[in-house]
Amino acid sequence: MSVTDRPAPDARIHDVVVIGSGPAGLTAALYTARAALEPLLIEGVVDGGPTGGQLTLTTDVENFPGFPEGIMGPELIMNMRAQAERFGTQFVTEDVTAVDVSGPLKTLTTASGLTISTRSLIIATGAKPRRLDVPGETELWGSGVSACATCDGFFFKDKHVVIVGGGDSAMEEAIFLTKFASKVSVIHRRGELRASKIMQDRAFKNDKIEFVWNAEVAEVHGADGAVSSLLLRDTVSGETRDFACEGLFLAIGHIPNTWLFDGVLDRDDEGYLLVEQPSTATNVPGVFACGDVMDQVYRQAITAAGTGCRAAIDAERFLAEHTDARPEDPR
Ligand code: NAP
């Protein structure tokens, strides 16, 4: 049956529903579609994030294998979506507002009031980088303000950039940025780093990195669509000063999009969904998690796609093993 001939999403029981439309969700959809499971993918905006995930906020993606000349983030996502659709993925574009995974049939409610039932659920709702929430940050996001040095560092050749944060990510990204930037200023709100000793030592040894202690960014200023300076506030004295720079990178942690599963699915201390490694199974049978919502370490498009593939295979095996117990569609 072609996708267009299929009943409305709330008029049948699905074998697989995927929530999330980034590389993890689209890969899970592609694999389950090719396994003839006719997946439904819900690509609603998740907690203020974009449909298509964080890749749609980036420009050139030069580290996704298979594209020697690079590819624009939104185009890569559109290609993945088209590929999933080609093999029979059905799409619903709206938010999921509630989830009930207490029984063998999982039920999702959407913003428009659809009730969608499924025998297995793949969660690929992603994580969003924590932001500073200061004036100028949103306006200059993607035009000098970034939360991904790996993605955007290349565009700051011979420029002076700032990285905010004192954790391992900030050190790692500061060191990475020195490959391109003429100078990297690490701005940290305290007088000591949170990062591991080995990462601190590497950063301290790097001549291109300077540290600005006890300082927080109060405003981001731009000119001609690029960052030109920051207003820094001393966290001890409260004094403010202008700080000239040409780029601002944030490494102040990520927030996984898991609020739909509060109190239902097990999470780690940082809020990421826990899975039974090496599988993608959560603590609820038939519910799988992939991509940034369960990965606080790698957070790359290619690693998200990889876990999406694993989740699809896990869901397929789960359905095969539970064939006898599969709730029948009463409609
Ligand atoms: P993190 O360890 O939570 O560090 C976040 C940093 O951002 C902290 O220094 C924090 O300051 C600062 N921060 C948070 N909110 C802020 C705000 N609103 N304004 C200014 N600064 C703010 O996060 P992470 O560095 O992303 O690391 C996450 C986990 O991944 C950690 O367990 C880390 O060890 C691991 N990781 C490991 C590696 C590695 O081993 N190579 C690389 C990356 C990440 P405070 O210190 O004052 O709280």
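Now for a quick tour of the structure. It should be emphasised that the depicted structure is a prediction, and the values quoted were computed from it without experimental measurement.

Glancing now at the overall build of the protein. Each helix and strand counted, the protein has six helices and 19 strands in total. With the principal axes as the frame, the protein shows a C-alpha extent of 65 × 40 × 35 Å. Here the protein holds 331 residues, and the buried ones make up 50% of them. The contacts of the protein with a sequence gap of at least 6 include a subset with a gap of at least 24, amounting to 60%. Put simply, the protein shows about 15600 Å² of open surface, and 50% of that area lies on carbon and sulfur atoms. Separation of charge centres in the protein, based on 29 positive and 47 negative side chains, amounts to 3 Å.

Inspection of every chain in the model, using the stated rule, returns eight aromatic pairs. Residues Phe 211 and Trp 213 carry aromatic rings whose centres are separated by 5.2 Å and whose planes lie at 10° to one another, so their mutual orientation is stacked. Through pairs of rings, three or more aromatic residues link up here, namely Phe 154, Phe 155, Phe 176 and Phe 180. Residue placement shows Arg 81 over the ring face of Phe 91; its charged tip is 3.8 Å from the ring centre.

Where helix H1 (residues 23-34) meets helix H2 (residues 73-86), the closest approach of the two axes is 8 Å, and the angle between their N-to-C directions is 20°. With respect to each other, H1 and H2 are oriented roughly parallel. The hand of the H1/H2 crossing is left-handed. On H2, the residues that touch Pro 23, Leu 26, Ala 29, Leu 30 and Ala 33 of H1 are Ile 77, Met 80, Arg 81, Gln 83 and Ala 84. Counted by class, the contact of H1 with H2 contains eight nonpolar, one polar and one charged residues.

Cut-offs and rules
- Residues numbered from 1 in each chain as written.
- Predicted model: local features only at pLDDT ≥ 70, side-chain atom pairs only at ≥ 80, totals over all residues.
- Heavy atoms only, no water.
- Helix = DSSP H or I, 4+ residues; strand = E, 2+ residues; numbered from the N terminus.
- Buried < 20%, exposed > 50% of the residue type's maximum accessible area, 1.4 Å probe, protein only.
- Contact = heavy atoms within 4.5 Å.
- Areas by Shrake-Rupley, 256 points an atom, 1.4 Å probe, with all protein chains shown as cover.
- Lys, Arg positive; Asp, Glu negative; His and termini not counted.
- Charge placed at Lys NZ, Arg CZ, Asp CG, Glu CD.
- Phe/Tyr/Trp six-rings, centres within 6.5 Å; stacked < 30°, edge-to-face > 60°.
- Lys NZ or Arg CZ within 6 Å of the ring centre and 35° of its normal.
- Axes fitted to C-alpha atoms, helices over the stretch in contact; angles between N-to-C directions.
- Parallel < 35°, antiparallel > 145°, perpendicular 65-115°, else oblique.
- Left-handed = near helix turned anticlockwise from the far one by under 90°.
- Nonpolar A, V, L, I, M, F, W, Y, C, P; charged D, E, K, R; others polar.

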